[in-house]
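Listed below, chain by chain, are the residues.
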Amino acid sequence: MITTTTPAIEGYRITGYYGIVFGEVITGINFLRDFGAGIRNIVGGRSEGYEEELMQARTQAIAEMEQRAAAMGAHAIVGVDVDYEVLGQGNMLMVSASGTAVTVEAAA
C-alpha cells in the first residue's frame, strides 16, 4: 500500500477512486506518563512517554486507514492528513488519519 500526503504518486497514474478512508485511534494516557509529563512541564525537557504514545497512536491510525482502503480494493491512499485532538480532561488522545483510496498503475 502506497500512502502519501501528495495528491498524486510520481511514476504512477491513478486509475480508480474509491472514496475517502479514515483510521481513528483514541488512547488514554496512563497516570505515570501524565505524572512524568507534569514534572517535565515544571523543570523542562521532552516528555518521552507522551511522544511514544503519540507515535504509536499515529502508526495505528494510518494502519487502520490502510486496512480499510485495501478492503475496498485500493492500491494506494493519496492526500493523507493526520489530525490530533485531546479529549476529556486532557487524559485522552485522539489521532485520526484520512485520505483518498485509489488504484494505480505504473505510468507509461
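Structural notes, computed from the coordinates.

Conventions we followed
- Residues numbered from 1 in each chain as written.
- Predicted model: local features only at pLDDT ≥ 70, side-chain atom pairs only at ≥ 80, totals over all residues.
- Heavy atoms only, no water.
- Pairing = 2+ DSSP bridges.
- Helix = DSSP H or I, 4+ residues; strand = E, 2+ residues; numbered from the N terminus.
- Core = buried A, V, L, I, M, F, W, Y, C linked by side-chain atoms within 4.5 Å.
- Buried < 20%, exposed > 50% of the residue type's maximum accessible area, 1.4 Å probe, protein only.
- Contact = heavy atoms within 4.5 Å.
- Salt bridge = Lys/Arg side-chain N within 4 Å of Asp/Glu carboxyl O.

With respect to the pairing of strand β4 (residues 92–106)
So, step 1. Note that strand β2 (residues 12–28) and β4 share 15 bridges and pair antiparallel. Opposite G28, over in β4, you have M92 as the bridge partner.

Looking at the pairing of strand β3 (residues 76–87)
So, step 1. Strand direction decides the pairing type here: strand β1 (residues 2–3) and β3, joined by 2 bridges, are parallel. By the bridge assignment, I2 is partnered in β3 with A76.

Here we look at the sheet that holds β2
So, step 1. What the 4 strands build is an open sheet, ordered β1-β3-β4-β2; its pairing is mixed. The open sheet has two free edges, formed respectively by β1 and β2, since each of these has just one partner strand.
So, step 2. With 10 bridges joining them, β3 and β4 adopt antiparallel strand pairing. Bridged to A76 within β4 is V102.

A short note on the nonpolar core
So, step 1. By size, the foremost hydrophobic cluster in this structure holds 13 residues, and its most contacted members are V21, A61, M65, A69, I77, V95 and A101.
So, step 2. Within the residue set of this core, elements represented by two or more residues are β2, α2 (48–72), β3 and β4.
So, step 3. When near neighbours in sequence (up to four residues on either side) are disregarded, A101 contacts G16, Y17, Y18, G19, V21, A69, M72, A74 and A76.
So, step 4. Membership of the second largest hydrophobic core comes to 5 residues, among which are I9, V78, V102 and V104.

Considerations on the environment of T15
So, step 1. Counting through the fold element by element, T15 comes out in strand β2.
So, step 2. Through-space distance from the C-alpha of T15 to that of V104 is 5.3 Å; in sequence the pair is 89 residues apart.
So, step 3. What T15 contacts, discounting residues up to four positions off in sequence, is T103, V104 and E105.

Notes on the environment of L93
So, step 1. Here L93 lies in strand β4.
So, step 2. By relative accessible area, L93 is classed as buried at 12%.
So, step 3. Along the backbone, L93 and T27 are 66 residues apart, and their C-alpha atoms lie at a distance of 5.3 Å.
So, step 4. Leaving out residues up to four positions away in the same chain, L93 has contacts with V25, I26, T27, L54 and E85.

Details of the pattern of salt bridges
So, step 1. Counting across every chain of the model gives 3 salt bridges.
So, step 2. When the shortest N-O distance is used, the salt bridge between E24 and R68 registers 3.1 Å. Of this pair, E24 sits in strand β2 while R68 is found in helix α2, placing the two residues 44 residues apart along the sequence.
So, step 3. Put simply, E64 and R68 hold a salt bridge, and the shortest N to O gap is 3.1 Å. You can see E64 and its partner R68 sitting in helix α2, 4 residues apart, about one turn around the helix.
So, step 4. Of the residues examined, R68 reaches a relative accessible area of 40% and is grouped as partly exposed.
So, step 5. Through salt bridges that share partners, E24, E64 and R68 make up one connected network.

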